[in-house]
Amino acid sequence: MKMRSISKTFVVALTLLLSITLFAEGGRTPLRAKNGIVTSASHIASQVGVDILKQGGNAVDAAVATAFALAVTWPTAGNIGGGGFMVYHGDDGHATTFDFREKAPLASTERMYLGLDGLVVDNSNHRSLLSVGVPGTVAGMYKAHQELGKLPWADLVAPAVKLAREGIPITWELYSGFRSNQSFWDQYPSSGAVFLKEDGSAYELGDTWVQSDLAATLQLIQDQGRDGFYKGKNAKMLADFMRANGGIITEEDLEKYEAVEREPVRGTYRGYEIVSMPPPSSGGVVIIEMLNILEGYDLASYGHNSAQYLHLLTESMRRSYADRAEYLGDPDFNESMPLDRLMDKDYAATLRASIDMDKASVSDENEYAGIYESEETTHYSVVDKDGNMVSVTYTLENGYGSRIVAEGGGYLLNNEMGDFNAVPGVTNRNGQIGTTPNLIEPEKRMLSSMSPTIVARDGKPVFAVGSPGGRTIINTTAQAILNLIDFGMNIAESVEAPRIHHQWLPDVTSFEGLGFSDDTLRLYEEKGHQVRARGEQGSVMGVYYDRDSDIFLGAADSRAGDGAVVGY
Ligand code: DON
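Residues numbered from 1 in each chain as written. Predicted model: local features only at pLDDT ≥ 70, side-chain atom pairs only at ≥ 80, totals over all residues. Heavy atoms only, no water.

## Structural notes on the overall build of the chain
Moving on, step 1. Each helix and strand counted, the chain has 20 helices and 20 strands in total.
Moving on, step 2. Relative to the globule expectation of 24 Å for 568 residues, the C-alpha radius of gyration of the chain, 23 Å, shows essentially globular dimensions.
Moving on, step 3. C-alpha atoms of the chain, sized along the principal axes, occupy 75 × 65 × 45 Å.
Moving on, step 4. The 568 residues of the chain split such that 62% are buried.
Moving on, step 5. Sequence-distant contacts, at least 24 apart, represent 74% of the contacts inside the chain between residues at least 6 apart.
Moving on, step 6. On the chain, roughly 20500 Å² of surface is accessible, and the fraction owed to carbon and sulfur atoms is 51%.
Moving on, step 7. Charged side chains of the chain number 48 positive and 75 negative; the gap between the two group centres comes to 4 Å. (Helix = DSSP H or I, 4+ residues; strand = E, 2+ residues; numbered from the N terminus. Rg over C-alpha atoms; globule rule 2.2 N^0.38 Å. Buried < 20%, exposed > 50% of the residue type's maximum accessible area, 1.4 Å probe, protein only. Contact = heavy atoms within 4.5 Å. Areas by Shrake-Rupley, 256 points an atom, 1.4 Å probe, with all protein chains shown as cover. Lys, Arg positive; Asp, Glu negative; His and termini not counted. Charge placed at Lys NZ, Arg CZ, Asp CG, Glu CD.)

What follows is the structure, given as structure tokens:
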């Protein structure tokens, strides 16, 4: 009898212990957990994801719940009015992706932002309702859930409804984000109604922020799935709002929007399999092209972030970003993109042969320059108890997107149309890319740099990473991968390590100001590189499965103030 009650007590205690949530903010020590991990830019959203795992949900269930939670808690990029990409890799070897990138509205035209002088009028591709692409997030989450989810859909949306309805605390990130966008809240009444208090004053640190309209929209989505957003009340409300305020998205646009399941792009790197997002994201192709070039060097022997390593890294970035500008766009509108060639090892060898070990190449001036891109996106990663992984990057484009809230809907609308090449044929060092694959066409998806990636070995996922950061995303993600594979860092060290960015044109390398020594930079500059200090680059959220000890590790980049890795 006694033995029995002891063992029962023991089992109860063990069960309690096992369900205790483990939690860590950024730092160099990974969180270790036995049953699953979610890491995101919002500690509340990571917790929501882990709660779903605890309820028996799989990685896709947790990813769906986390997406909706982020739409409430992380309005700078978490969204239902934007779009993005999900990469899935099951422990059984099945890998797939979901493309829920926004689309150009049916009424859009190639030159829709240009005035008579051929220039973009008033930044209209980034501002105003004309900059809004047809949102994809709800359709993407719904499709992923239909294909791979396990728990009922309603259970996954429920936590977000509750958070919006009952309110969340105003953190420093929310407080400062709201303040820095004050002029937009003053300009757009529907936004002021969400981001200012009822009396028109600003939210203070520690206030409770309730989003009633968003709660109602999420409730529609909870009850009706995809159709709750793309049909009926919300669709009519959004289309009416567009019509009344100069936008062009119609109920037909919404009705026609479909997320697409796509084959991932795949490469190999030193025995690992790189599984990433295909076009309309450029991320996967460019990462694989870069890694193929770098595979020909013994990078570890140079030392992490040594001048020689940074030189080779830069040269691989320069060449791969040039191809990005020339060839990539929406695959549904560009049938002849040379993806296989760009990701081919022999092609990488020819590019490698053009790299001088001691001297920087010069980016060709005549062609494709980098336009401004904002850095406000968000990435999160999930691993469930079975070792299935999900890697999601989604965005509104700018921080808080267009800053315009759909009246009555309570959600921010993206300004993703700015990711198209707005001026056909005009490509110059001052900021335009005018190449054909990414020109505006009705129902086309704009080219993206978002790079949710899963790295596997022998068909089984090992780690998932990704980052925000506009065009820097690709380089940030690639460096996290290199840190793990070449330099033996753990997942936390790999997301924290200082990073650089070069995107072919402008021909300059930006580096995180606090992360590199003067001596290293001097040696690097002596090779002919131009450098520019910047603030933080990206924010990587990563999970890792140590199969030898059967433990999951996760890390939230400390660059994300509200971020946290949660596991159990
Ligand atoms: O899709 C893209 O590449 C961009 N619209 C992402 C925007 C972005 O990353 C902003 N910030 N992090």
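## Concerning the sheet that holds strand β12 (residues 389-395)
Moving on, step 1. An order of β1-β20-β3-β11-β12-β4-β5-β8 is seen for the 8 strands of this open sheet, with the pairing classed as antiparallel. For this open sheet the edge positions go to β1 (22-24) and β8 (260-262), each flanked by a neighbour on one side alone. Neighbour to neighbour, the strand axes of the sheet diverge by 15° on average, direction disregarded.
Moving on, step 2. Strands in contact with helix α4 (residues 137-148) are β4 (83-89), β5 (95-100), β8, β11 (377-383) and β12; relative to β5, the strand with the most contacts, it is inclined by about 155°. (Pairing = 2+ DSSP bridges. Axes fitted to C-alpha atoms, helices over the stretch in contact; angles between N-to-C directions.)

## Section: the environment of Asp199
Moving on, step 1. Inspection of the secondary structure assignment puts Asp199 in the loop between α8 (189-195) and β7 (208-209).
Moving on, step 2. Among the residues examined, Asp199 registers a relative accessible area of 64% and is labelled exposed.
Moving on, step 3. In terms of polar contacts, Asp199 uses its side chain to reach the side chain of Ser201, at 2.6 Å. (Polar contact = N/O pair within 3.5 Å; in protein donor to acceptor, adjacent residues only side chain to side chain.)

## Things to note about the environment of Gly81
Moving on, step 1. For Gly81, the position within the fold is in the loop between α3 (59-73) and β4.
Moving on, step 2. As for Gly81 and Gly136, which are separated by 55 residues in sequence, their C-alpha atoms are 7.3 Å apart.
Moving on, step 3. Setting aside residues no more than four positions away along its own chain, Gly81 makes contact with Pro135, Leu396, Tyr411, Leu412, Leu413 and Asn414.

## Digging into the environment of Ile20
Moving on, step 1. Positionally, Ile20 belongs in the loop between α1 (2-19) and β1.
Moving on, step 2. We classify Ile20 as partly exposed; its relative accessible area is 45%.
Moving on, step 3. Leaving out residues up to four positions away in the same chain, Ile20 has contacts with Lys54, Gly567 and Tyr568.

## Some remarks on the sheet that holds strand β10 (residues 272-276)
Moving on, step 1. Pairing is antiparallel in the open sheet, where 7 strands are placed in the order β2-β19-β18-β14-β13-β10-β9. Whereas interior strands pair on both sides, the edge strands pair on one side only; in this sheet they are β2 (31-33) and β9 (265-269). Each strand of the sheet is rotated relative to its neighbour by a mean of 25°, with strand direction disregarded.
Moving on, step 2. Two elements, strand β13 (residues 453-457) and strand β14 (residues 460-465), share 5 bridges in a ladder whose sense is antiparallel. Across the sheet, the residue bridging to Ile454 is Ala464, located in β14.
Moving on, step 3. Against the sheet, helix α13 (residues 283-294) touches β9, β10 and β13, its axis set at about 20° to β9.

## Observations concerning the packing of aromatic side chains
Moving on, step 1. Following the criterion strictly, the structure yields 19 aromatic pairs and no others.
Moving on, step 2. Aromatic side chains Tyr309 and Phe487 sit 4.9 Å apart centroid to centroid with 70° between the ring planes, which places their arrangement in the edge-to-face category. Of the two residues, Tyr309 is situated in helix α15 (residues 307-327) and Phe487 in the loop between α18 (472-485) and α19 (491-496); the sequence distance between them amounts to 178 residues. Neither Tyr309 nor Phe487 differs from the other in exposure class; each is buried.
Moving on, step 3. One aromatic cluster in this structure is built from Phe178, Trp185, Phe195, Tyr203, Trp209 and Tyr400.
Moving on, step 4. The residue whose ring lies beneath Arg341 is Tyr347, and the NZ or CZ to ring-centre distance is 4.9 Å.
Moving on, step 5. Between Arg457 and the ring centre of Tyr272, over which it is positioned, the NZ or CZ distance is 4.3 Å. (Phe/Tyr/Trp six-rings, centres within 6.5 Å; stacked < 30°, edge-to-face > 60°. Lys NZ or Arg CZ within 6 Å of the ring centre and 35° of its normal.)

## Things to note about the confidence of the model for the chain
Moving on, step 1. With 94% of its residues at a pLDDT of at least 70, the chain reaches an overall mean of 93.
Moving on, step 2. Low pLDDT, under 50, characterises residues 1-17; the stretch is placed with 0 contacts to residues that sit more than four places away or in other chains.
Moving on, step 3. The low-confidence segment residues 367-373, where pLDDT is below 50, has 36 contacts with residues more than four positions distant or belonging to other chains. (pLDDT = per-residue confidence, 0-100.)

## Description of the nonpolar core
Moving on, step 1. The biggest cluster of nonpolar side chains holds 107 residues, and the ones touching the most others in it are Phe68, Ile80, Met141 and Leu218.
Moving on, step 2. The biggest single contributor to this core is α3, with 12 residues. (Core = buried A, V, L, I, M, F, W, Y, C linked by side-chain atoms within 4.5 Å.)

## Structural notes on helix α5 (residues 153-166)
Moving on, step 1. With 14 residues, α5 extends 21 Å between its outermost C-alpha atoms, agreeing within 8% with the 20 Å of an ideal straight helix rising 1.5 Å per residue.
Moving on, step 2. Contacts from the buried residues of α5 go to α2 (43-54), α3, α4, β6 (168-169) and α9 (212-224).
Moving on, step 3. Looking one or two places after α5, you find Gly167, whose phi comes out positive at around 100°. (Expected span 1.5 Å × (residues − 1).)

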